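Fold and geometry: a report
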Amino acid sequence: MCSCTPRGDIRTMDVQVLNQIVEEQEAALWRETNTRKMAQRAVELGDACMASGCPMRAIQIWRAAANHLVAMDYRWVYEPINPSFVRFDDLVSEKEAVTLGRRIDKAWHLIGHPEMANWARRMRADYREMWLDKYYDALP
């Protein structure tokens, strides 16, 4: 059973239906090669979990997606890039990772654990470290 608002937002969803959707969509999520699409799918899947009253499931999905995003983006550290045509920041998905981090932080606040809400900051730090790994030798 699932009930939605007139705009199409999920209001409530049966746990069995949610579990079936999560299993199907998670498989597709991890096969996605485009990091930005993967992050968007993870946001939508986690939002469905939050709307269904399963914040821990949403946190698990978002955390796994954020970690996977950082690992996938790290490949750009070793790829040669011509800065005349493209910037490192344009190739990686920092904005999407920080968005996932904010969702995780918001969920931790909603369930009463603000001390766990450090993911947006962690995502920014991971991408700053990634940038330094790429360009440290070129710094004056």
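Everything below is about the structure shown above.
Below: a short report on this structure. Because the structure is predicted, anything quoted here is derived from the model rather than measured. (Residues numbered from 1 in each chain as written. Predicted model: local features only at pLDDT ≥ 70, side-chain atom pairs only at ≥ 80, totals over all residues. Heavy atoms only, no water.)

**Quick look at the environment of Thr99**
Defined as follows: Helix and strand labels come from DSSP, where a helix needs a run of H or I of at least four residues and a strand needs a run of E of at least two; each type is numbered from the N terminus. Accessible area is worked out with a 1.4 Å probe on protein chains only. A residue is then buried under 20% of its type maximum, exposed over 50%, and partly exposed in between.
Locating Thr99 in the fold gives a position in helix 5 (residues 94-110). Classification of Thr99 as partly exposed rests on a relative accessible area of 27%. Thr99 sits 21 residues away from Ala120 along the chain, and the two C-alpha atoms are 7.2 Å apart.

**A few points about the pattern of salt bridges**
Worth spelling out the cut-off: We count a salt bridge whenever a side-chain nitrogen from Lys or Arg sits within 4 Å of a carboxyl oxygen from Asp or Glu.
Within the structure shown, the criterion is met by five salt bridges. With a shortest N-O distance of 3.9 Å, Glu32 and Arg41 are connected by a salt bridge. Judged by its relative accessible area of 33%, Arg41 falls in the partly exposed class. A salt bridge links Asp47 to Arg103; the nearest nitrogen and oxygen atoms lie 2.5 Å apart. Taken as a pair, Asp47 in helix 2 (residues 35-51) and Arg103 in helix 5 lie far apart in primary sequence, 56 residues in all.

**Details of the packing of helix 5 against helix 6 (residues 119-135)**
What counts here: Think of each axis as a best-fit line through the C-alpha atoms, taken over the contacting stretch in the case of a helix, with angles from 0 to 180 degrees between the N-to-C directions. Angles are sorted into four bins: roughly parallel if under 35 degrees, roughly antiparallel if over 145, roughly perpendicular if 65 to 115, and oblique for all others. Handedness of a crossing is defined here by the sense of rotation of the near helix relative to the far one, left-handed for an anticlockwise turn of less than a right angle and right-handed for a clockwise turn. Whether two residues touch is decided by their heavy atoms; if any such pair falls within 4.5 Å, the residues are in contact.
Contact geometry of helix 5 with helix 6 gives a least axis separation of 7 Å together with a crossing angle of 160°. In terms of orientation, helix 5 and helix 6 fall into the roughly antiparallel class. Where helix 5 crosses over helix 6, the handedness of that crossing is right-handed. Here helix 5 contributes Glu94, Ala97, Val98, Gly101, Arg102, Ile104 and Asp105 to the contact with helix 6, which in turn contributes Trp119, Ala120, Met123, Arg124 and Tyr127.

The values reported here are purely geometric and, on their own, carry no functional implication.
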